[in-house]
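# A look at the structure
This is what each chain is made of:
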Amino acid sequence: MPKARSQPRFSLAPVLFKDSAIEGRGVFARRRFEPGDVVVPYAPAQRRLELGSAEADAAAETKLTLVSESAWVIVPDTSVPGGWLCNHSCRPNAAIYSDGEGQIRCLRPIHPGEEVTIFYGWVTFNDPERDPWRCASPRCRGYINFDLTDDDARHCEDDTALGHAFRARFQDYADYLVDIQQEQVLDVIASRLGQLRAQLAASRA
Ligand SMILES: [Zn+2]
């Protein structure tokens, strides 16, 4: 009787992790993906911290962690490659989903060999140039982050020049986010703006 092969001859993994022309190591498709397909888990090995603990709050502020809708902060084990290696693009072909253990899913058709990119959606406070970036997108923004300043927080709802300038900048960014299917970042901005306003109010009290 022939012996069953215990190991497949070729890896059937749908993605490959290798050096990227964008930055560092990236995630590359080995087959075609269609919108909605799961491309790769965010962190095949991970630690989960319950939201609300000091350790989880500190971890949530770092760049690699993912805050799950199930009330955890997911901390990837970086000795195991996964979706956490996806580079940012100003026009991503995939997106990160924070339900369950976290997944990268396809947004636009991805061809074999193409780098799988996501939109980080970072929102910073008073640090507009924190995350300079150059990607292949013809509409590269030059920075990953969208920055909120104390002036934005003070004037976002009033009738001053600063208020108008903020709302115009926000509207531009909102149109762009809709165009690249990343509207969820608007919720992040609204929540971070609320946080900044609360901080300012507390410092005045
Ligand atoms: Zn870019």
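## Considering the pattern of salt bridges
- Summed over all chains, the structure comprises 10 salt bridges.
- For Glu 55, the salt bridge identified is with Arg 47, shortest N-O distance 3.5 Å.
- For Glu 55, a relative accessible area of 47% corresponds to the partly exposed category.
- The structure contains a network of salt bridges with shared partners spanning Lys 63, Arg 130 and Asp 131.

## Here we look at the domain arrangement of the chain
- Domains assigned within the chain are domain 1 (11-120) and domain 2 (121-205).
- Between the C-alpha centres of domain 1 and domain 2 the distance comes to 23 Å.
- Contact with domain 1, which involves 16 residues of that partner, is made by 20 residues of domain 2.
- Summing both partners gives a buried area of about 1,500 Å² for domain 1 against domain 2, and 62% of it is carried by carbon and sulfur.
- Three residues stand out in domain 1 for area buried against domain 2, namely Cys 90, Phe 119 and Tyr 120, and they jointly supply 44% of the buried area on that side.
- At the junction of domain 1 with domain 2, the criterion picks out 1 salt bridge.
- Across the pair Asp 131 and Lys 63 runs a salt bridge, and its minimum N-O distance is 3.0 Å.
- For the pair domain 1 and domain 2, the interface holds 5 residue pairs in polar contact (both at pLDDT 80 or more).
- Listed by contribution, the elements that provide at least two residues to the side of domain 1 that touches domain 2 are strand 7 (87-88) and strand 8 (94-97).
- For the side of domain 1 that touches domain 2, the class distribution of residues is 8 nonpolar, 3 polar and 5 charged.

Rules and cut-offs
Residues numbered from 1 in each chain as written. Predicted model: local features only at pLDDT ≥ 70, side-chain atom pairs only at ≥ 80, totals over all residues. Heavy atoms only, no water. Salt bridge = Lys/Arg side-chain N within 4 Å of Asp/Glu carboxyl O. Buried < 20%, exposed > 50% of the residue type's maximum accessible area, 1.4 Å probe, protein only. Domains from an automatic or database assignment. Contact = heavy atoms within 4.5 Å. Buried area = accessible area lost by both parts, 1.4 Å probe. Polar contact = N/O pair within 3.5 Å; in protein donor to acceptor, adjacent residues only side chain to side chain. Helix = DSSP H or I, 4+ residues; strand = E, 2+ residues; numbered from the N terminus. Nonpolar A, V, L, I, M, F, W, Y, C, P; charged D, E, K, R; others polar.

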